[in-house]
Amino acid sequence: MMDEQALTRFRQRAVNALEELDDVGEVWPDQADRGFYRVELLDGSDLDVQIRPAS
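Here the structure is a predicted model, which means the values were calculated and not measured.

Turning our attention to the overall build of the protein. Helix and strand counts for the protein stand at 1 helix and 3 strands. Mapped in sequence order, the helices and strands of the protein form the string α-β-β-β. Counting all 55 residues of the protein, 22% fall into the buried class. Counting contacts in the protein only where the partners sit at least 6 residues apart, residues at least 24 apart contribute 17% of the total. Total accessible area on the protein is roughly 4300 Å²; 49% of this is exposed by carbon and sulfur atoms.

Moving on to the sheet that holds strand S2 (residues 36–41). Within the open sheet, the 3 strands sit side by side as S1-S2-S3. Their pairing is antiparallel. Either end of the sheet is taken by a strand with one partner, and the two such strands are strand S1 (24–29) and strand S3 (46–50). Strand-to-strand twist across the sheet, computed as the mean angle between neighbouring axes with direction ignored, equals 25°. Looking at chain direction, S2 and S3 are connected through 5 bridges and run antiparallel.

The rules behind each value
Residues numbered from 1 in each chain as written. Predicted model: local features only at pLDDT ≥ 70, side-chain atom pairs only at ≥ 80, totals over all residues. Heavy atoms only, no water. Helix = DSSP H or I, 4+ residues; strand = E, 2+ residues; numbered from the N terminus. Buried < 20%, exposed > 50% of the residue type's maximum accessible area, 1.4 Å probe, protein only. Contact = heavy atoms within 4.5 Å. Areas by Shrake-Rupley, 256 points an atom, 1.4 Å probe, with all protein chains shown as cover. Pairing = 2+ DSSP bridges. Axes fitted to C-alpha atoms, helices over the stretch in contact; angles between N-to-C directions.

This is the structure in structure tokens:
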């Protein structure tokens, strides 16, 4: 299991990678303490994404 600092770094790298995708406009926390983020796509739709290590 990851410690809290490693988990935070993991999530930030994943958010950075999402932001680099061509179709993604913005990524912001939505219950980030549980790993949930909202991803807004350039076409106006959005996704709920959970970023967490595999169990």
